[in-house]
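Secondary and tertiary structure notes
Given next are the chains, with one letter for each unit.
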Amino acid sequence: METDRPLDALNIARNKRVIVELKNKVQITGNLKAFDIHINTVLADAEEHDESGALKRKLGTVFIRGDMIVLISPSPA
Amino acid sequence: METDRPLDALNIARNKRVIVELKNKVQITGNLKAFDIHINTVLADAEEHDESGALKRKLGTVFIRGDMIVLISPSPA
Amino acid sequence: METDRPLDALNIARNKRVIVELKNKVQITGNLKAFDIHINTVLADAEEHDESGALKRKLGTVFIRGDMIVLISPSPA
Amino acid sequence: METDRPLDALNIARNKRVIVELKNKVQITGNLKAFDIHINTVLADAEEHDESGALKRKLGTVFIRGDMIVLISPSPA
Amino acid sequence: METDRPLDALNIARNKRVIVELKNKVQITGNLKAFDIHINTVLADAEEHDESGALKRKLGTVFIRGDMIVLISPSPA
Amino acid sequence: METDRPLDALNIARNKRVIVELKNKVQITGNLKAFDIHINTVLADAEEHDESGALKRKLGTVFIRGDMIVLISPSPA
Amino acid sequence: METDRPLDALNIARNKRVIVELKNKVQITGNLKAFDIHINTVLADAEEHDESGALKRKLGTVFIRGDMIVLISPSPA
């Protein structure tokens, strides 16, 4: 599979559990359903965690605006 | 229905109740009426809540500039 | 009238009284005279209010740079 | 005269005295000589005032970068 | 090898260990797998360190949004 | 000479002494040698001053990134 | 040599020692190897200094994202 471009890495993570870290220090975990070139991202079964990792709330499906995102990483199982 | 692109998720939420979280920590709930590629968003029957969830004011129809938005999620019923 | 796009909602508010909330927490009320795709906005008979709602000053006609705007909403009568 | 677009309002103010409010809370008054679509703005006979309105310095002609601007309004006589 | 353009320097570092410093002062080390013109960057075997250099967490593969990046430098061996 | 556009005002100041005020409150004086549409600016014989006007350091020739600039004004003689 | 455009000044400094000042107040000195229109910049033999000028660390080759840069100036010998 193509991995030369950054978005290829996101493509590989599609339908897998990821951590999305936001600029406001919130971390959202969920199943990566969609993303675009602005890194606008949709997660399913999403949960919002504060900096310490404590669960803040369950979000279900969530659309995250790309410019709020610091990083996206596969979630530890 | 198509769900490959992030804006498809917003399209599914059209005319449904959503929470829009802003960069200034305000949360606005309302019926999602319209959005565009900048994520400029229009809600009807909108209410503004502070971080704790307390109602700050009723806004009726509101246009929210996309670059203020952190996330959009279906509102719990 | 077309309401599918966010700017349609602003178009409906043209020549009506609106509240424009800025990123510096100032609120400006006035008659919506003009706006563009950057949400650069012109109000007539505008008044500037602080966060508590207290009148800070009367501005007459005012041009507001779009990137300062959080939201635009019809003003309560 | 055309007033449908926000920049029409600036055009009407050309060669008139305006207040330009900046994101750093400085207010600059001067005669509006030129502006462009980025709202880069040139004032003549400009004066810089702090938040309280006190004169900080006389600037003569000044070029203001558009992305620093919050609003532009006709100056009270 | 061509080195006239900044992205050439990143190209030379591909598949090598780099330090990526973020605007939130976090430092992420990892093997540089991919980047694009926005400097969106993918690292493998990535580790997150705080300002003092202490390990915060292991990230495995991570996608970093380009606009969060301050600098990228080869990691000391 | 054409003065309808903001960059015309900068053109008139070319090779003259100007003050460039930055978003970090630093003021740089120097001879305006070059600028572009992003307001990237080059000064010769430049000096950096703090907010109070005290000389911080001599810079010789300096390239200033346009997005850091608040305003450019002719320097008082 | 052409010096009408700001990037010409950077071109003259190519392969010479420069100071790059960042928005986080860090100063990086190094040999200017490459830059592009975003002012993404590559330095060789780079050293990072804090605001007081004290050496923080040696970076070797470093890629600096353009939007972090305040100014670039020839380094005093």
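For clarity, every value in this text was computed on a predicted model and none was experimentally measured. (Residues numbered from 1 in each chain as written. Chains lettered and ligands numbered in written order. Predicted model: local features only at pLDDT ≥ 70, side-chain atom pairs only at ≥ 80, totals over all residues. Heavy atoms only, no water.)

A few words on the overall build of chain A. Each helix and strand in chain A was counted, giving 1 helix and 5 strands. Its C-alpha atoms give chain A a radius of gyration of 12 Å, within 12% of the compact-globule value 11 Å for 77 residues. Each principal axis of the C-alpha atoms in chain A carries an extent, and together these give about 35 × 25 × 20 Å. Put simply, chain A has 77 residues, and 52% of those count as buried. Distance between charge centroids for chain A: 4 Å, based on 11 positive and 11 negative side chains. (Helix = DSSP H or I, 4+ residues; strand = E, 2+ residues; numbered from the N terminus. Rg over C-alpha atoms; globule rule 2.2 N^0.38 Å. Buried < 20%, exposed > 50% of the residue type's maximum accessible area, 1.4 Å probe, protein only. Lys, Arg positive; Asp, Glu negative; His and termini not counted. Charge placed at Lys NZ, Arg CZ, Asp CG, Glu CD.)

Expressed as a screw transformation, the operator carrying chain C onto chain D has a rotation angle of 51 degrees and an axial translation of 0.0 Å, and the superposed copies differ by an RMSD of 0.0 Å. In this assembly, only 5% of the residues forming the interface of chain C have copies in chain D that are likewise at the interface, indicating a heterologous arrangement. (Least-squares fit on C-alpha atoms with pLDDT ≥ 70 in both. Contact = heavy atoms within 4.5 Å.)

We note that Asn15(C) has phi near 70 degrees; this positive angle belongs to a residue other than glycine. Mapped onto the elements of the fold, Asn15(C) is located in the loop between α1 (6-12) and β1 (17-22). One non-glycine residue, Ile39(F), lies in the positive phi region at around 70 degrees. Its relative accessible area of 1% is what places Ile39(F) among the buried residues.

Okay, the interface of chain A and chain E next. Quoted interface sizes are often the accessible area lost when the parts come together. Counting residues at the interface gives 21 residues for chain A, matched by 21 residues for chain E. Area buried by chain A at its contact with chain E is led by Pro6(A), Val70(A) and Leu71(A), which between them contribute 35% of it. Linking Glu21(A) and Arg57(E) is a salt bridge whose minimum nitrogen-to-oxygen distance equals 2.3 Å. On inspection of chain A and its partner chain E, the count reaches 9 residue pairs in polar contact (both at pLDDT 80 or more). Elements that contribute at least two residues to the side of chain A that touches chain E include exactly α1 (6-12), β1 (17-22) and β5 (69-74) of chain A. Among the elements that take part in the side of chain A that touches chain E, β5(A) stands out by supplying 6 residues, more than any other. Each residue belonging to the side of chain A that touches chain E can be placed in one class, and the counts come to 11 nonpolar, 5 polar and 5 charged. Sheet topology note: the β5(A)/strand β4 (residues 55-64) of chain E ladder contains 2 bridges and is antiparallel. The residue bridging Ile72(A) from the neighbouring strand is Phe63(E), located in β4(E). (Buried area = accessible area lost by both parts, 1.4 Å probe. Salt bridge = Lys/Arg side-chain N within 4 Å of Asp/Glu carboxyl O. Polar contact = N/O pair within 3.5 Å; in protein donor to acceptor, adjacent residues only side chain to side chain. Nonpolar A, V, L, I, M, F, W, Y, C, P; charged D, E, K, R; others polar. Pairing = 2+ DSSP bridges.)

Right, let's get into the arrangement of the chains. Separated in space, chain C and chain F share no contact, their closest pair of C-alpha atoms being 15 Å apart. What separates chain B from chain G at the closest point of their C-alpha atoms is a distance of 18 Å, and the two make no contact.

On the chain D side, the residues contacting the 21 residues of chain C number 21 residues. Interface area for chain C against chain D, summed over the two sides, is near 1,500 Å², with a carbon-plus-sulfur share of 57%. The largest per-residue losses of area from chain C upon contact with chain D belong to Arg57(C), Phe63(C) and Arg65(C), which jointly make up 43% of the total buried on that side. Remark: the boundary between chain C and chain D carries 2 salt bridges. Summed over the shared surface of chain C and chain D, the result is 9 residue pairs in polar contact (both at pLDDT 80 or more).

Laying chain A over chain E is done by rotating through 51 degrees and shifting 0.0 Å along the axis; what remains is an RMSD of 0.0 Å. The fraction of interface residues of chain A whose copies in chain E are also interface residues is only 5%, indicating that the copies meet through different surfaces.

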